[in-house]
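Reading the structure
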Amino acid sequence: GTPRSDSCGLHRSRDAGAGAFSYIWDMPIVANREIAAGEELFADYGEKYFTSRSASTTSTGSEGGSEGDVGGEVLGVMAAVPLELDYEEADEIMRFTLQRFERDELWRYANDETRKRGWNAIRHHLETEGKIRVLSALPEHAEDLEEASDMGSAQYAVGGTKSHRSEDWLERNGICTDRL
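Quick caveat, the model's predicted, so the values are computed rather than measured. (Residues numbered from 1 in each chain as written. Predicted model: local features only at pLDDT ≥ 70, side-chain atom pairs only at ≥ 80, totals over all residues. Heavy atoms only, no water.)

1. A look at helix α2 (residues 84-103)
Heads up, the condition is: Secondary structure elements follow DSSP: runs of H or I of four or more residues count as helices, runs of E of two or more count as strands, with numbering from the N terminus. The span one expects for a helix is its residue count, reduced by one, times 1.5 Å. The buried label applies to any residue whose accessible area, calculated with a 1.4 Å probe on protein chains only, is under 20% of its type's maximum; exposed applies above 50%, and partly exposed to all values in between. For this quantity, the arc is that covered by the directions from the helix axis to the C-beta atoms.
Taking 1.5 Å as the rise per residue, α2 with 20 residues should run 28 Å; its terminal C-alpha atoms sit 29 Å apart, in good agreement. Buried within α2 we find Asp-86, Ala-90, Asp-91, Ile-93, Met-94, Thr-97, Leu-98 and Phe-101. Along the long axis of α2, the arc covered by the buried residues comes to 165°, so they all point the same way. Exposed and oriented more than 90 degrees from the buried face of α2 are Glu-84, Leu-85, Glu-102 and Arg-103.

2. Here's the deal with a nonpolar patch on the surface
Rule in force here: Think of a patch as exposed residues, more than 30% relative accessible area, with no salt bridge, where like charges cluster within 9 Å and nonpolar side chains (Val, Leu, Ile, Met, Phe, Trp, Tyr) cluster within 5 Å. Note on areas: these come from Shrake-Rupley sampling with a 1.4 Å probe, and a residue is covered only by the protein chains present in the view. Here, a salt bridge means any side-chain nitrogen of Lys or Arg that lies within 4 Å of a carboxyl oxygen of Asp or Glu.
A cluster of nonpolar side chains, contributed by Ile-24, Met-27 and Ile-29, occupies part of the molecular surface with about 310 Å² of accessible area. On the secondary structure map, Met-27 appears in the loop between β2 (24-25) and α1 (47-51).

3. Some thoughts on the pattern of salt bridges
Enumeration according to the criterion identifies three salt bridges in this entry. With its nearest N and O atoms 2.9 Å apart, the salt bridge here joins Lys-131 to Glu-89. With Lys-131 in the loop between α4 (112-128) and α5 (132-137) and Glu-89 in helix α2, this residue pair connects regions lying 42 residues apart in the sequence. What makes Glu-89 partly exposed here is its relative accessible area of 28%. Between Arg-117 and Glu-113 there is a salt bridge whose closest N-O contact spans 4.0 Å. On the criterion of helical spacing, the pair formed by Arg-117 and Glu-113 is a turn pair, its members being four residues apart in helix α4. Overall, the relative accessible area of 40% leaves Glu-113 in the partly exposed class.

From the geometry alone we can't say anything about function, so treat these as descriptive.
Structure, rendered in structure tokens:
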């Protein structure tokens, strides 16, 4: 059926607790693949949700600021959230980097510290180019490149294989989607 909406007469800015529940109910949820027991589910807000948010606050939520500053431009928290094309670019960067590490004479025999410096140089280049969303999709450490590349940057970003929880964890912390 079609989802319905009802605020129960509460106003989001005047009534305490109005934001503690969703106004949308009776909404069907359909999976497009098998879901493993204990796997976390994520809602897709759509890219417009992130791109339309104000860029006037830093990633700490304060006005002005230093964290989130890139080239004198203050970025909001949403400005660092990777979008679909950013994950695709991140995956391509990881594939290219790993190929270089395997095939290039200079990198093939390089020690871990040299590879770490090389990976940090790539990340620094993305930062200076203002590609914060792509940077956010990439693993921070060179030693995580192979694992992140194998599963894809999007899956890696949500915890990789750790995005599956035990039944005990779900009993203690999980929320049934019927109550959302």
